[in-house]
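Coordinate analysis (summary)
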Amino acid sequence: MSFMPFFGDQAGLAAHQLKGLQWTVRHAYEGSDFYRQRLHQAGAAPEDIQSLKDLQRLPFTTAEDLRVGYPFPLLSVPLTDVVRIHASSGTTGKRKVLAYTQKDIDDWAHMFARCYQMAGLTRADRVQIAVGYGVWTAGAGFQAGCERFGALALPVGPGNLEMQCQFLLDFQTTVICCTSSMALLLAEELTRRGLLGQVKLNKVIYGSERTSQAMRQRIAQGLGAELFDIPGLTELYGPGTGLECAAHAGIHYWADYYILEVLDPETLQPVEPGQTGEMVVTTLCKEAAPLIRYRTRDLTRLLPGDCACGNLLPRHDRILGRSDDMIKFRAVNIYPGQIDHVLSAGQGVGSEYQVILEHGEDGRDYMTVKVERAPEGRAGEDPALAAAIAKRVKDTILVSAKVEIVDYGSLPRSERKSQRVFDRRFA
Ligand code: ZN
């Protein structure tokens, strides 16, 4: 069974998108006071949507709208039709809560099954799901998608390195789903115990944090596995709305379920093709909490052209950071993803780094980049390595940074998201 869509060509996809957009605007207008008011304010009515270009007439929705509408924001169906809620974790203030109808749950499982198909799994695969179960979307999404696809799910949950290693051995897991930090810990732990030869792992599906090229290489080499980046946003069902393909040339996204715009976060106009901007999403068949031009704050760019893997679904680059994470340093806007890029572009460094911003006694701001030497690197070469990195930072991000090379393994690792930027300027 295939979970891929069949539209024939791009015109077929566009026709499908227009139908979905028309349905969504009508559905939200009729089902939600919030959306009806918002559309009225913008002077837009459902019958105005005659082509995909009319998307630009529609108003934006934001995370703030979710907070205001708590506990059932954007709800466009009667509550009796809601079969589940999920919420995002770890944000300040009220959680973002999203409601799902049974059809929403089914659509999400279908999208997620498509991810496993794109990663090249078969029903013989054994999938260790080492992500959070609970009110957030990760565990439920990976689990339902795996069962829909027909592979064997091992719902282990996050953390618990001991049990993860045990299950990898005992169940001969072939695919693990986790954060990249967890994958790196596993690679290091299996190496330390000399167990690498006894595990059958060949794929890692990782998500929920930005991951540098250097870190990907360490994980891929450490585990001897192929890596697939999976994007996910609670507001947009959860993880599984796209996947990195086997050509490893960006993330194919499920354009038959949502429209992706990439806009300049300041002007809210489309960026030039291929330029980085904020992802703005509009769902095409989401019932309980449809999204109309929802500002995700995630930064990425669209990748033009056909993919070497042959799949015709469009692609975006990996998530390069969040527009909220932007650091202002000496009047330059820096996204943490840019620092990953700089460090990944060279040889000799490990995957872990920290960026420290401080306010000097002379009244100026200073940046220190601490980066781990590669395990095979020699301390004697540190000064040359530091100078080379400082030059690349200067050339590409246009700021001066002091670079310190530290021993491999000396920066903290975490099973969840690692904090890498320490802004001490206002402490
Ligand atoms: Zn591809």
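A short tour of the structure in this document, coming up. (Residues numbered from 1 in each chain as written. Predicted model: local features only at pLDDT ≥ 70, side-chain atom pairs only at ≥ 80, totals over all residues. Heavy atoms only, no water.)

For the protein chain, the count of helices and strands is 10 helices and 22 strands. Taken over C-alpha atoms, the radius of gyration comes to 22 Å for the protein chain, in line with the 22 Å a tight globule of 427 residues would show. Evaluated residue by residue, the protein chain yields a buried proportion of 54% over its 427 residues. Of the contacts made within the protein chain by residues no fewer than 6 positions apart, 66% connect residues no fewer than 24 positions apart. Summing over all exposed atoms, the protein chain offers an accessible surface of approximately 18800 Å²; the carbon and sulfur share of this is 52%. (Helix = DSSP H or I, 4+ residues; strand = E, 2+ residues; numbered from the N terminus. Rg over C-alpha atoms; globule rule 2.2 N^0.38 Å. Buried < 20%, exposed > 50% of the residue type's maximum accessible area, 1.4 Å probe, protein only. Contact = heavy atoms within 4.5 Å. Areas by Shrake-Rupley, 256 points an atom, 1.4 Å probe, with all protein chains shown as cover.)

Along its 22 residues, helix 1 (residues 10-31) runs 31 Å from first to last C-alpha, staying within 8% of the 32 Å computed at 1.5 Å per residue. Every buried residue of helix 1 is accounted for by Leu13, Gln17, Leu18, Gly20, Leu21, Thr24, Val25, His27, Ala28 and Tyr29. Where helix 1 is buried, its residues meet helix 2 (33-41), strand 12 (258-263) and strand 13 (277-283). (Expected span 1.5 Å × (residues − 1).)

With that settled, the discussion passes to the coordination of the zinc ion. Surrounding the zinc ion are the protein donor atoms Cys245 (SG), His252 (NE2), Cys307 (SG) and Cys309 (SG), which sit 2.1 to 2.3 Å from the metal. Every donor counted, the 4 donor atoms about the zinc ion form angles of 99 to 113° at the centre, which fits tetrahedral coordination. All donors of the zinc ion come from a single chain, and their spacing in sequence reads C-x6-H-x54-C-x1-C. For Cys307, a relative accessible area of 8% corresponds to the buried category. Residue Cys309 is classed as partly exposed on the basis of its relative accessible area, which comes to 33%. (Donors = N, O, S within 2.8 Å, 3.2 Å for Na, K, Ca; no water. Tetrahedral: all angles 85-135°; square planar, octahedral: opposite > 155°, others 65-115°.)

Before going further, it helps to spend a moment on unusual backbone geometry. Cis geometry is adopted by the peptide bond preceding Pro71, which originates at Tyr70 and carries an omega value of 10°. Phi at Leu268 takes a positive value of approximately 60°, unusual for a residue other than glycine. Among the structural elements, Leu268 can be located in the loop between strand 12 and strand 13. Taking the relative accessible area as the measure of exposure, Leu268 reaches 22% and is therefore partly exposed. Backbone geometry at Leu398 places phi at a positive 70°, although glycine is not the residue there. In this fold, Leu398 is placed in the loop between helix 10 (382-397) and strand 21 (402-406).

Here Thr300 is to be found in strand 14 (residues 294-300). At 2.7 Å, the side chain of Thr300 and the backbone oxygen of Asp317 are in polar contact. Ignoring sequence-local partners within four residues, the contact set of Thr300 consists of Val262, Gln275, Thr276, Gly277, Met279, His316, Asp317, Arg318, Ile319 and Leu320. (Polar contact = N/O pair within 3.5 Å; in protein donor to acceptor, adjacent residues only side chain to side chain.)

Bringing the nonpolar core into the picture now. The biggest cluster of nonpolar side chains holds 65 residues, and the ones touching the most others in it are Leu58, Tyr116, Val127, Phe142, Ile205, Leu243 and Trp254. Here the element with the most residues in this core is helix 4 (residues 102-118); it accounts for 8 residues. Those residues in contact with Tyr116 that lie beyond four places of it in its chain are Leu121, Val127, Phe142, Gly145, Cys146, Phe149, Cys177 and Ile205. One finds Leu186, Tyr206, Met215 and Ala225 within the second-largest nonpolar core, a separate group that totals 23 residues. (Core = buried A, V, L, I, M, F, W, Y, C linked by side-chain atoms within 4.5 Å.)

Attention shifts here to the sheet that holds strand 15 (residues 302-303). The 4 strands are arranged 10-11-16-15 in an open sheet whose pairing can be described as antiparallel. A strand with exactly one partner marks an edge of an open sheet, and here the two such strands are strand 10 (242-244) and strand 15. Judged from the 3 bridges that link them, strand 10 and strand 11 (residues 251-253) form a sheet pairing that is antiparallel. By the bridge assignment, Gly242 is partnered in strand 11 with Tyr253. (Pairing = 2+ DSSP bridges.)

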